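Structural features, examined
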Amino acid sequence: ELFDLLLHPTMAAEAPEPTTTVTNNALSARELEWANNSPALLAEHASINNGIIRTRFPPEPNGYLHIGHAKSMNMNFNLAFEKLGVPMENRRTIFRYDDTNPDAESPEYIDSLRRDLEWLGWQPERTTYSSDNFQTLYELAVKLIENGLAYACDMTKAEMEAQRDLAKRRSSARAVGKDPDEEAPIPSEDVLPGRNRNTSVERNLKLFEEMKLGLHDEGAMTLRLKMDFESANPNMYDLVAYRIRYTPHPHAGKGWCIYPNYDFTHGICDSLERIDYSICTLEFETRREPYYWILWALDMYRPKVYEMSRLNLEYTVLSKRRLLKLVNANWVRGWDDPLMPTISGLRRRGYTKEIINSFCNDVGATRAMNVVEMVKLFQVARLKLAESTRRAMAVLEPIKIVITNFGEESAKAGEGGLTYEVQNSPTDLSYGSHSVTLTETIYIDSEDFRLEDDPSYFRLSPNQPVGLKYHGGNLVCDDIVRDGGNVKVLKCHLDTTEGRPKPKSHISWVPCDGIPCEVRVYNHLFTVAEPSDRWEEELNSEREIVYANAIIDPSVLELVDKKDVDKWKSNQALQFERLGYFVVDTDTTFDSSTKSGKLVFNRTVSLKEDKAVKKISDAEAKEKLRRAEQQRKDAETRDVLMTIDPKDLFKLAPEYQGKYSQFDDTGMPTHMADGTEVTKSAKKKLEKDRVKHAKKFAKAAK
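Residues numbered from 1 in each chain as written. Predicted model: local features only at pLDDT ≥ 70, side-chain atom pairs only at ≥ 80, totals over all residues. Heavy atoms only, no water.

**Points about the packing of helix α10 (residues 262-272) against helix α11 (residues 288-297)**
At a minimum axis distance of 9 Å, the contact between α10 and α11 shows a crossing angle of 60 degrees. Taken together, the axis directions place α10 and α11 in an arrangement best described as oblique. Between α10 and α11 the crossing geometry is right-handed. Across the interface between the two elements, Asp263, Phe264, His266, Gly267, Ile268, Asp270 and Ser271 of α10 pack against Pro290, Tyr291, Ile294 and Leu295 of α11. Of the residues belonging to the contact of α10 with α11, the class tally is six nonpolar, three polar and two charged. (Axes fitted to C-alpha atoms, helices over the stretch in contact; angles between N-to-C directions. Helix = DSSP H or I, 4+ residues; strand = E, 2+ residues; numbered from the N terminus. Parallel < 35°, antiparallel > 145°, perpendicular 65-115°, else oblique. Left-handed = near helix turned anticlockwise from the far one by under 90°. Contact = heavy atoms within 4.5 Å. Nonpolar A, V, L, I, M, F, W, Y, C, P; charged D, E, K, R; others polar.)

**Looking at empty space enclosed by the protein**
A probe as big as a water molecule, rolled over the atoms, marks out the empty space that is left. Going through the model one piece at a time under the given rule, you end up with three cavities of 30 Å³ or more. Roughly 160 Å³ of volume is contained in the largest cavity. Along its surface, the largest cavity is lined by 17 residues, and Thr316, Leu339, Leu346, Arg349 and Met374 are the ones closest to its centre. Mapped onto the lining of the largest cavity, the elements with two or more residues apiece are α13 (343-349) and α15 (374-388). Ranked by residue count, the leading element in the lining of the largest cavity is α15, at three residues. Tallied by class, residues from the lining of the largest cavity come to 13 nonpolar, three polar and one charged. If you go around the second largest cavity, the residues you meet are Arg56, Tyr262, His266, Ser278, Cys280, Phe284, Arg287, Arg288, Tyr291, Val305 and Glu307. Where the lining of the second largest cavity is concerned, the elements lending two or more residues are α10, β8 (277-281), α11 and β9 (304-308). Here the lining of the second largest cavity is built from residues that sort into five nonpolar, two polar and four charged. (1 Å grid on protein atoms, 1.4 Å probe; cavity = no way out; pocket = protein on both sides within 12 Å on 5 of 7 lines; lining within 4 Å. Points joined across faces, edges and corners; volume = space filled by probe spheres on them.)

**Overview of the state of the cysteines**
Here the structure, examined in full by the defined rule, presents zero disulfides. Left unpaired, Cys269 is separated from the closest cysteine sulfur, that of Cys280, by 15 Å. Taking the relative accessible area as the measure of exposure, Cys269 reaches 0% and is therefore buried. Owing to a relative accessible area of 15%, Cys280 belongs among the buried residues under this scheme. (Disulfide = S-S within 2.5 Å. Buried < 20%, exposed > 50% of the residue type's maximum accessible area, 1.4 Å probe, protein only.)

**Describing the confidence of the model for the chain**
The predicted model of the chain has a mean per-residue pLDDT of 91, with 92% of residues at 70 or higher. Note on residues 1-14: pLDDT under 50 across the span, and 28 contacts to partners over four residues away in sequence or across chains. A low-confidence stretch, residues 611-618 stays under pLDDT 50, and its non-local contacts, those more than four residues away or across chains, total four contacts. (pLDDT = per-residue confidence, 0-100.)

**Looking at unusual backbone geometry**
The bulk of non-glycine residues show a negative phi, and the bulk of peptide bonds are trans. A cis amide bond links Leu192 with the next residue in sequence, Pro193, at an omega value of 10 degrees. Mapped onto the elements of the fold, Pro193 is located in helix α8 (residues 190-194). You will see that Asp299, though not glycine, has its phi angle at about 55 degrees, which is positive. By the secondary structure assignment, Asp299 is in the loop between α11 and β9. The backbone of Tyr315 shows a phi angle near 60 degrees, a positive value even though the residue is not glycine. Note on placement: Tyr315 falls in the loop between β9 and α12 (320-328).

**Considerations on the side chain of Asp495**
With respect to the helices and strands, the residue Asp495 is situated in strand β18 (residues 486-495). For the buried Asp495, which has no salt bridge, the nearest side chain bearing the opposite charge is Arg500, at an N-O separation of 5.6 Å. Among the polar contacts made by the side chain of Asp495, one reaches the side chain of Thr497 at a distance of 2.7 Å. (Lys, Arg positive; Asp, Glu negative; His and termini not counted. Salt bridge = Lys/Arg side-chain N within 4 Å of Asp/Glu carboxyl O. Polar contact = N/O pair within 3.5 Å; in protein donor to acceptor, adjacent residues only side chain to side chain.)

**Focus: the pattern of salt bridges**
A full pass over the atoms with the stated rule returns 49 salt bridges. Where Arg333 meets Glu544, a salt bridge forms, and the shortest distance between an N and an O atom there is 2.5 Å. Of this pair, Arg333 sits in the loop between α12 and α13 while Glu544 sits in strand β22 (residues 544-552); the two residues are 211 residues apart in sequence, bridging distant segments of the chain. Judged by relative accessible area, which is 25%, Glu544 ranks as partly exposed. For Lys563, the salt bridge is made with Asp564, and the minimal N-O distance between the two is 3.8 Å. Looking at Asp564, the relative accessible area reads 35%, which means it is partly exposed. Within this structure, Asp336, Arg348, Glu518, Arg520, Asp585, Asp587 and Lys598 form a network of salt bridges that share partners.

As structure tokens, this is what we get:
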């Protein structure tokens, strides 16, 4: 088969045509004829795997892993096997560094990927590197050259782009039944198929060896695959398999100056590692043809490929390019900033592996594109943290309270004084308890006091007492000490008389020996749920609010020491009563033995959905209903379109009906409804619309 291809170098006729077949497999997708394995390859694969079903998780070490990668890990280590019904003992997943681009990779990223995967609890069968296969990949590239299926090419980037554009225009002409030689004539064979394509095997072997030896400049020469310029898929237009890069590799070292690209590498590595299911996201769906073409050309085992929708999460971005820009532009503190959707950022913010994995399970994996609401992640966090988090009292913006009758109340309290035993968890007694002591000076949060009375306000004001948590009595404001316009001190007394009015609410407090700390409260990274191309302008100016003078009760002293803080593990989490769930931040330098150094907390999530978020959600709910209705109408329109032949598109399609009065022999409008001629620019746009429709129509007809 391969030798026959030498007689037909365009590959257009001899390569099997991509055809869609339907299988009962839970991970079935569009299959191609050339993806079929021979009986010999199937037998060899079955003999080697011996009942094992293997997937792989192959991130590129060019940044930190994010929550989209967590979804991929969940799919490759767990959900795929569940969908397939694979017994636990037969499940295997390889963790592979897809490290073919040394310009973007670094030891920092390599280390972070491993640590994040381990922290999430996934245990790979083994860890591999694409770069460990560089010699094998090189030898396979030589084999393709020897078989006339690859060639050294000196075309510039601009020349390749012009070549691809011409091939696309010719493909578009064929799709609507036009003659490509008339619509997009080839000016010279130097352009298409290109001046290098039909050169000798000897010449290409020599130049590829020279590339390997470093005898050509970067960009001066590439190795390209002799694929199919007549394909409807531009990814088949003689992909570049190797480029020259004079950059040392962070894993492989300085031994190579030519590097294989992603498309050439990942399918071969899948086959070498005996992968059964190669799972990726839908944007790689059009890479299915080159994936299978390369393995077919090399007569290697072809794994099943399945594309799932990528995770799209509200109020954030998951593009590595955008995440890198956030870091480099100092919009965030780094890859592990709690605002970042990276695994490291989520961990620093207080999201545990249980939260992230549970969220990924809930989201699942399908081919349907959607945007997941951020509140779903928040709710999973609340449920998980409520089960496992110790309670403590804290105030973010403290107001000093002096209890004027403290001595009297303390004497009345008897032997136990004003110390109270508090359960660490209100629902699980196994978490134990801690004590809090009411002191003559305490601190309450500024949110719990107002100068003006308000019927809808139930906390402390000059004429309204409030209950103190765990004490049982009322706190009554008697006097206000001001510093300019600010409240400096409130002088209050405790009311424990039997006839005291029942308070409308109880507030938290911390004693005079509370621990000073900084508390960082995080809101959405962006002001819009789905950031646009102008995403930098949509960054939320209130994405981080810092309370530099917060205080937490001293019962947590032994839990918040710097010696226990580690960026690669989940740090101490606490529920600040009435405020939310918080975690000790890695900026902490607090020494519990000396009570010195800085103690920093990050808010993971509020105790319940913020009111501001609810207002936004109500408004967005209407918009989502509108979008859903529009999507339904669009789907109906698409269904109708798929029944319309391309030549009748402008006569029968609902969006064009009534717009045009005359048409030429091909069905192209020549006159508007009012009799005026259709302009050349309008015709050009209509032609593009028809080409797009023709492709979809042809695909639906298969």
